[in-house]
Amino acid sequence: MPRIEAASRALARPAPRRWAALVTVVVLAVVAALAVQSVRPPAARPAGAPAAEFSAGRAFEQVRAIAIEPHAAGSAANSAVRGRVLATLRAAGLDPEVQDTVSVQGGELSSSAGGTGLAQVRNVVALLPGTGSTGRIFLVAHYDSAQTGPGGNDDAAGTATVLEAARALAGGPRLRNDVVFVLTDAEEACLCGAQAFVEQHPLARDGGVVLNLEARGSGGPAIMFETAADNAGLVGAFAKAPKPVGTSFAVEIYRRLPNDTDFTAFRERGFTGLNTAYIDGAAVYHAPTDTPAAMDTDSLQHLGDNALALTRDLGDRDLAGLRSGGDATYFPVPGGLAVYPGALTWPLAALALLAVLALAWLARRRGLATGGRLAAGFGLALVPIIVVPVLAQLLWALLKVIRPGYAEQPIDPYRPFWYRLAILALTAMIIFAWYALLRRRLGPAALAIGGLGWLAVLGLTLAALAPGGSYLTALPALAGALAGIAAVFLRGWWPLLPLTLGAAVAVVVLLPTLIMFFPALGLNLAASGAFIATLLGLAVLPVIDLLHPEAGGQRGLVAARARRLGALPALAAALALVACTTAGLVVDRFDAAHPAPTHLMYALDTDTNQARWLSAEAAPQKWTAQYVAGPAATVTGTLPAFGDELLLAGAAQAAPLPAPQLTKVNDSTAGDLRTIRLRLTPQRPVRLVTLHVGAEAAVTQATVAGRPVPADRTAGGPWGFGLVFHAPPADGIEITMTVRGTAPLKLRVMDASDGLSTLPGFQPRPADVGVTGSHSSEMLAVAHTYTL
C-alpha cells in the first residue's frame with residue numbers, strides 16, 4: 001500500500017490548527033446550544049396571565065386539587081376528582097355530562113394477563129359547539145391515577161391542561177368546529193374509559209381529530225410522540241404550534257412498542273390525531289412520589305401552550321381533508337420544526353449514499369486515501385458503533401450492582417443527569433481513542449469517509465424499516481459528504497467553512513434526538529442513547545481531527561510527542577467518565593424524598609387458608625427479603641390473574657378476609673351446551689375482581705354486566721376463559737357463560753384491594769424505602785375456588 005503522509009490525508013489542513021480548532025468548536029458549541037434550546041419547554045406563565053392564554057399557574061392549582069391522594073377508578077377519591085372536574089367545566093360555562101357505563105377492553109389494546117379486561121367507567125364529556133362545524137376536535141386526558149400514587153403528573157397534568165384550555169376556549173371567540181373535552185376514567189386499569197367513549201358515545205360516532213395529553217415523568221419538553229397514519233396534514237398544523245417538539249423517528253419506535261395510551265382506542269376506531277407527553281423524571285411514574293411538588297410547571301406550560309394553539313388552529317380549519325398526504329418526516333430545529341414529505345425519504349437516503357461514494361472516489365483521486373484505506377476505514381468505523389452501546393449497557397449494569405435499588409426503577413433513577421453525561425463521556429472516550437489509534441495508519445480522510453458511509457447505510461436501512469427515522473442518519477451523511485467534497489477543492493482556512501457547516505447539520509439533527517431519547521428509553525436502555533451519540537461522533541470526525549496535531553513527516557521525539565498529544569482527548573474523556581459516574585453515585589442517593597422502590601403483594605387462598613407474600617423484584621432487596629425469597633416462579637395455578645409473571649414468594653400469616661362470593665343465578669342445558677348465569681360479588685371494598693374457568697371447560701360465548709366479551713382470551717396454564725373487572729359495583733357483576741359439555745365447572749375467583757399496612761406480620765418501610773410504581777404494588781388479593 002503506497003504511503004500517504006497523515007498531514008496529506010485530512011479533508012482540511014488549516015494553519016495554525018489551534019485557532020482552527022478553537023473557532024470550529026466555538027461555532028459548534030453555539031449551534032449545540034441552539035439545538036438544545038429547541039427542545040426545552042417554555043417558562044411557566046403565572047396565574048395572572050391574560051385570560052386568553054394558557055397559564056401553568058392557573059392549571060397548577062387544578063393539579064394540586066386533583067392529586068391530593070391516589071384516585072384509582074371506582075374509588076371515593078376518584079369520585080371527588082370527578083366532582084371537581086364537573087364543577088370546573090360548569091364554571092367555564094359548559095354543560096358536562098357523565099358517561100356511566102361498562103366497557104370491554106377491545107381491539108389491539110393491551111390485554112390483562114388474566115384474560116379480558118373490563119371496567120365500570122365514568123367519563124366526563126363536554127361539548128363546545130362550533131359555528132359551522134366541519135368535524136370535531138377531541139381534547140383528551142384521563143383523570144384517574146394509578147393506585148400507588150396521586151398522579152400529580154400522570155395524568156393530573158393532562159386533566160388540568162384540558163380544564164385550563166376549556167376555560168380559555170369557552171371564554172373566547174367561537175371556533176368554526178366543535179370541540180369535545182373528554183376526561184376519561186380507568187385508563188390506568190385497562191384503557192376502558194377511552195374504549196367506552198369511542199364505542200358508545202354519540203359524539204364519537206363520526207370520528208374526528210384527537211389530541212391526547214399524557215405525562216410519563218415530571219418534566220422535560222412536551223413531546224408529540226405518536227400520530228395516526230397519513231399524518232402530513234396534522235404535522236403541518238403541529239409545526240405552527242408555539243414550540244413544536246417531536247420527531248417522526250419517535251413515532252416509528254412507538255408503533256413498534258407494546259405500549260398503549262387512550263390514544264390507541266381512538267386511533268383504532270379511525271380517528272386521526274396526535275399524542276403528546278412530557279417524559280423526563282420517569283422515576284416518579286405511577287409512584288407515591290408523583291406529587292404536584294415533583295412537577296416542573298414549565299413542562300405543564302409547554303403541554304398547554306401547544307394543546308390550546310393546536311385546538312384553535314384546527315378549530316377554524318376545514319377538517320374534511322386533513323387526513324391526507326401520507327406520513328411526514330419531521331424533527332426539531334432551532335426556531336421550530338423541520339418538515340418534509342415522506343416521499344422524499346428514499347431519494348434523500350440514496351442521494352446520501354451516492355454523495356459519500358463520490359467523496360470516497362474524489363479522496364482517492366486526490367491522493368487523500370487509497371482504496372484499501374477507505375475500505376479499512378469503513379470496516380473499522382463499525383467498532384465504535386458496536387462497542388460504545390455495549391459498554392454503555394455494561395456501565396448501567398455495574399451501577400445496578402453498586403446500587404441494587406436501581407434494578408427496580410424500570411426507566412431512570414431519580415437524578416440521571418450525571419449518568420447521562422457519563423454515557424456521553426464514555427462515547428467520546430471510545431471514539432477519541434479509536435480515532436487516535438487509527439489516524440496515523442489510515443488517515444483522517446479514510447476514517448471520516450468510513451463514518452459517513454455507515455451513516456448513509458443506516459439511512460437506507462431505516463428508509464426500508466422505519467422511514468420516519470431515515471433522516472436521522474441520511475441528512476448528516478449527505479451534509480457531511482457534500483461538505484467533504486467542497487473541502488477537497490478549497491485551500492487554507494476555507495475548507496473549515498463547509499466542514500463546520502456539515503458538522504452543524506449533524507448537531508442540529510442528532511443532538512435534539514439524543515436529548516429526547518435519553519429520557520424516552522432511559523438508562524435501562526443506555527445503549528440507545530449511546531448509539532445516537534456515537535453516530536453524532538462519527539459525523540463530526542473532521543472536527544475531531546482538528547484536536548490532533550499534524551503528524552505528517554514527523555520522526556523520533558516529535559512524533560512521540562504528537563502521539564501523546566493525540567491521546568489527550570481520550571484521556572480527558574476517560575477522566576470525565578469517572579468524574580461523572582462518581583458524581584452520579586454521590587448525588588443520586590436514596591433518601592426520604594427519593595426512596596428506593598420496593599415491590600410487595602399479599603395473596604390469601606381461602607381454600608386452604610394459606611397466605612403468601614409475593615414480589616416482582618428481580619432479586620429481593622434488603623427490606624423485601626424479610627418477606628420473600630427466590631427462586632422466582634409463576635403463580636398461575638392459584639392466581640391466574642397474574643399470568644406468567646415470575647414472582648418471588650414467602651409464607652405469610654393468614655388474615656381474616658372474606659373471599660368474593662360467587663352465586664349461581666340460573667343454569668340451563670340445550671344439547672351439549674350449558675348456559676350458566678352467575679353473580680360475582682366482592683365482600684369488601686376492592687379495586688378489581690377476577691374470574692377464571694378451568695381449561696378443561698370450553699367457553700363458547702360470554703357476557704359480563706350485559707356486555708359481550710371475547711371467549712377466546714385465556715389466562716394460560718390450567719385456566720381457560722378469564723376476565724378482570726375493574727371498579728366493580730358493590731352489589732357485584734352478572735356473568736353469563738355458554739359452555740360446551742355438562743361436566744362440573746371449576747371456577748377461580750379473586751378480588752384485590754390496595755394497602756398492606758394492616759396485615760399481620762407487615763413491618764412499615766423505613767423512610768428511605770418506598771413503593772414501586774406498579775399496577776400490582778401493595779395489592780392485597782383474596783382468592784377462592786368454586787365448583788358448579
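The preceding data block contains the structure.
The following refers to the structure shown.

What counts and what doesn't
- Residues numbered from 1 in each chain as written.
- Predicted model: local features only at pLDDT ≥ 70, side-chain atom pairs only at ≥ 80, totals over all residues.
- Heavy atoms only, no water.
- Helix = DSSP H or I, 4+ residues; strand = E, 2+ residues; numbered from the N terminus.
- Rg over C-alpha atoms; globule rule 2.2 N^0.38 Å.
- Buried < 20%, exposed > 50% of the residue type's maximum accessible area, 1.4 Å probe, protein only.
- Contact = heavy atoms within 4.5 Å.
- Areas by Shrake-Rupley, 256 points an atom, 1.4 Å probe, with all protein chains shown as cover.
- Expected span 1.5 Å × (residues − 1).
- Bend = angle between axes of the 7 residues up to and from the residue.
- Disulfide = S-S within 2.5 Å.
- Axes fitted to C-alpha atoms, helices over the stretch in contact; angles between N-to-C directions.
- Left-handed = near helix turned anticlockwise from the far one by under 90°.
- Nonpolar A, V, L, I, M, F, W, Y, C, P; charged D, E, K, R; others polar.
- Parallel < 35°, antiparallel > 145°, perpendicular 65-115°, else oblique.
- Polar contact = N/O pair within 3.5 Å; in protein donor to acceptor, adjacent residues only side chain to side chain.
- Core = buried A, V, L, I, M, F, W, Y, C linked by side-chain atoms within 4.5 Å.
- Salt bridge = Lys/Arg side-chain N within 4 Å of Asp/Glu carboxyl O.
- Phe/Tyr/Trp six-rings, centres within 6.5 Å; stacked < 30°, edge-to-face > 60°.
- 1 Å grid on protein atoms, 1.4 Å probe; cavity = no way out; pocket = protein on both sides within 12 Å on 5 of 7 lines; lining within 4 Å.
- Points joined across faces, edges and corners; volume = space filled by probe spheres on them.
- Pairing = 2+ DSSP bridges.
- Lys, Arg positive; Asp, Glu negative; His and termini not counted.
- Patch = residues over 30% accessible without salt bridge, like charges linked within 9 Å, V, L, I, M, F, W, Y side chains within 5 Å.

Okay, the overall build of the protein chain next. Within the protein chain, the regular secondary structure consists of 20 helices and 25 strands. The C-alpha radius of gyration computed for the protein chain amounts to 30 Å, which stays within 12% of the reference 28 Å derived for 788 residues, consistent with globular compactness. Viewed in the frame of its principal axes, the protein chain has a C-alpha envelope of about 95 × 65 × 55 Å. Within the protein chain, buried positions represent 59% of all 788 residues. Considering only intrachain contacts with a sequence separation of at least 6, the fraction spanning at least 24 residues in the protein chain is 81%. Total accessible area computed for the protein chain in this model is approximately 29200 Å², and 62% of it derives from carbon and sulfur atoms.

Once that is clear, we can look at the environment of Gly-117. Considering the arrangement of structural elements, one finds Gly-117 in strand 2 (residues 116-128). With 347 residues separating them along the chain, Gly-117 and Ala-464 place their C-alpha atoms 36 Å apart.

Bringing helix 17 (residues 496-521) into the picture now. Along its 26 residues, helix 17 runs 36 Å from first to last C-alpha, staying within 8% of the 38 Å computed at 1.5 Å per residue. Residue Leu-510 marks the point of greatest curvature in helix 17, where the axis turns by about 25°; the proline Pro-512 follows within four residues.

Enumeration according to the criterion identifies one disulfide in this entry. A disulfide bridge connects Cys-190 with Cys-192, and the sulfur atoms are separated by 2.0 Å. Disulfide Cys-190 to Cys-192: torsion about the S-S bond roughly -130°, handedness left-handed. Neither residue differs from the other here; Cys-190 and Cys-192 are each classed as buried.

This part takes up the packing of helix 13 (residues 382-402) against helix 18 (residues 526-539). One can describe the packing of helix 13 onto helix 18 by two numbers: an axis separation of 8 Å at closest approach and a directional angle of 145°. Two packed elements cross with a definite hand, and for helix 13 against helix 18 that hand is right-handed. Where helix 13 abuts helix 18, its residues Pro-384, Ile-385, Val-388, Pro-389, Ala-392, Gln-393 and Trp-396 lie against Ala-526, Ala-527, Ala-530, Phe-531, Thr-534 and Leu-538. Taken together, the residues that form the contact of helix 13 with helix 18 break down as 11 nonpolar, two polar and no charged.

Close contact between helix 12 (residues 371-380) and helix 14 (residues 417-442) brings their axes to 11 Å; oriented N to C, the two are set at 170°. In terms of orientation, helix 12 and helix 14 fall into the roughly antiparallel class. Of helix 14, the residues touching helix 12 (which contributes Arg-373, Ala-376, Gly-377 and Leu-380) are Trp-434, Leu-438, Arg-441 and Leu-442. Considered class by class, the residues forming the contact of helix 12 with helix 14 number five nonpolar, one polar and two charged.

Take the side chain of Arg-82 next. For Arg-82, the position within the fold is in helix 3 (residues 76-91). Separated by 3.0 Å, the side chains of Arg-82 and Tyr-143 make a polar contact. Those residues in contact with Arg-82 that sit more than four places away from it in its chain are Val-98, Arg-122, Val-124 and Tyr-143.

Time to look at the nonpolar core. If you look at the biggest cluster of nonpolar residues, it comprises 101 residues, and the most contacted ones within it are Phe-331, Ile-423, Trp-434, Tyr-471 and Leu-541. With 13 residues, the top contributor of residues to this core is helix 14. Sequence-distant contacts of Ile-423, defined by excluding residues within four places in its chain, comprise Ala-392, Leu-395, Phe-518, Leu-523, Ala-526 and Ala-530. Membership of the second largest hydrophobic core comes to 57 residues, among which are Ala-126, Leu-128, Leu-169 and Val-179.

To continue, consider the pattern of salt bridges. Taken as a whole and judged by the stated rule, the model has 26 salt bridges. In this structure, Glu-164 engages Arg-58 in a salt bridge whose closest nitrogen and oxygen atoms are separated by 2.9 Å. Pair noted here: Glu-164 is in helix 4 (residues 156-170) and Arg-58 is in helix 2 (residues 56-66), with a separation of 106 residues, a long-range link. The exposure classification of Glu-164 matches that of Arg-58, with both residues buried. A salt bridge links Glu-252 to Arg-256; the shortest N-O distance between them is 3.0 Å. Ionic contacts of the salt-bridge type, sharing partners, join the residues Arg-45, Glu-53 and Asp-305 into one network.

Quick look at the packing of aromatic side chains now. Inspection of the entire model under this criterion finds 22 aromatic pairs. Arranged with centres 5.3 Å apart and planes meeting at 75°, the rings of Phe-138 and Phe-271 form a pair that is edge-to-face. Of this pair, Phe-138 sits in strand 3 (residues 136-142) while Phe-271 is found in the loop between helix 9 (262-268) and strand 7 (272-280), placing the two residues 133 residues apart along the sequence. The class for Phe-138 is buried, based on a relative accessible area of 0%. For the ring pair Phe-331 and Tyr-471, a centre distance of 4.5 Å and an interplane angle of 5° mean the geometry is stacked. Of this pair, Phe-331 sits in strand 8 (residues 328-333) while Tyr-471 sits in helix 16 (residues 471-488), placing them 140 residues apart in sequence. With relative accessibility at 6%, the residue Phe-331 sits in the buried group.

A separate point is the layout of surface pockets. Remark: the empty space left among the atoms is shown by a probe the size of a water molecule rolled over them. Here the second largest pocket defines a volume of roughly 1400 Å³. Taken together, 42 residues form the lining of the second largest pocket, with Leu-421, Leu-424, Leu-511, Leu-514 and Ile-515 sitting closest to its centre. Elements that contribute at least two residues to the lining of the second largest pocket include exactly helix 1 (17-37), strand 6 (219-227), helix 14, helix 17, helix 18 and helix 19 (541-545). Ranked by residues supplied to the lining of the second largest pocket, first place goes to helix 14 with nine residues. Looking at the lining of the second largest pocket residue by residue, the class counts come to 31 nonpolar, six polar and five charged.

Strand order in the open sheet formed by five strands is 15-16-22-18-19, with antiparallel pairing between adjacent strands. Strands at the two margins of the open sheet, each flanked by one partner only, are strand 15 (661-670) and strand 19 (707-709). The sheet shows a mean angle of 20° between the axes of neighbouring strands, taken without regard to direction. Pairing analysis gives three bridges linking strand 18 (residues 698-704) to strand 19, with the strands arranged antiparallel. Bridging across to strand 19, Val-704 finds its partner in Arg-707.

For Asp-185, the position within the fold is in the loop between strand 4 (178-184) and helix 5 (187-190). The buried charged residue Asp-185 lacks any salt bridge partner; its closest oppositely charged side chain belongs to Arg-82, at an N-O distance of 4.7 Å.

A separate point is the pairing of strand 9 (residues 336-341). For strand 8 and strand 9, the ladder comprises six bridges, and the chain directions are antiparallel. Within strand 9, the residue paired with Pro-332 across the bridge is Leu-337. Hairpin connection between strand 8 and strand 9: a loop of two residues separates the two successive antiparallel strands, and Gly-335 in this loop has a positive phi of roughly 95°.

Our next topic: a nonpolar patch on the surface. A contiguous nonpolar surface patch, about 740 Å² in accessible area, is contributed by Trp-19, Leu-22, Val-23, Val-26, Val-27, Val-30, Leu-34 and Trp-493. Residue position: Leu-22 is located in helix 1. A relative accessible area of 45% means that Leu-22 is categorised as partly exposed.

With 16 residues, helix 3 ought to run about 22 Å at 1.5 Å a step, and its terminal C-alpha atoms sit 23 Å apart, in line with that. Looking at helix 3, one finds that the buried residues are Ala-77, Asn-78, Val-81, Arg-82, Val-85, Leu-86, Thr-88 and Leu-89. In this structure, the buried residues of helix 3 make contact with helix 2, strand 1 (97-104), strand 2, helix 4 and strand 4. Gly-93 lies just past helix 3 and shows a positive phi near 95°.

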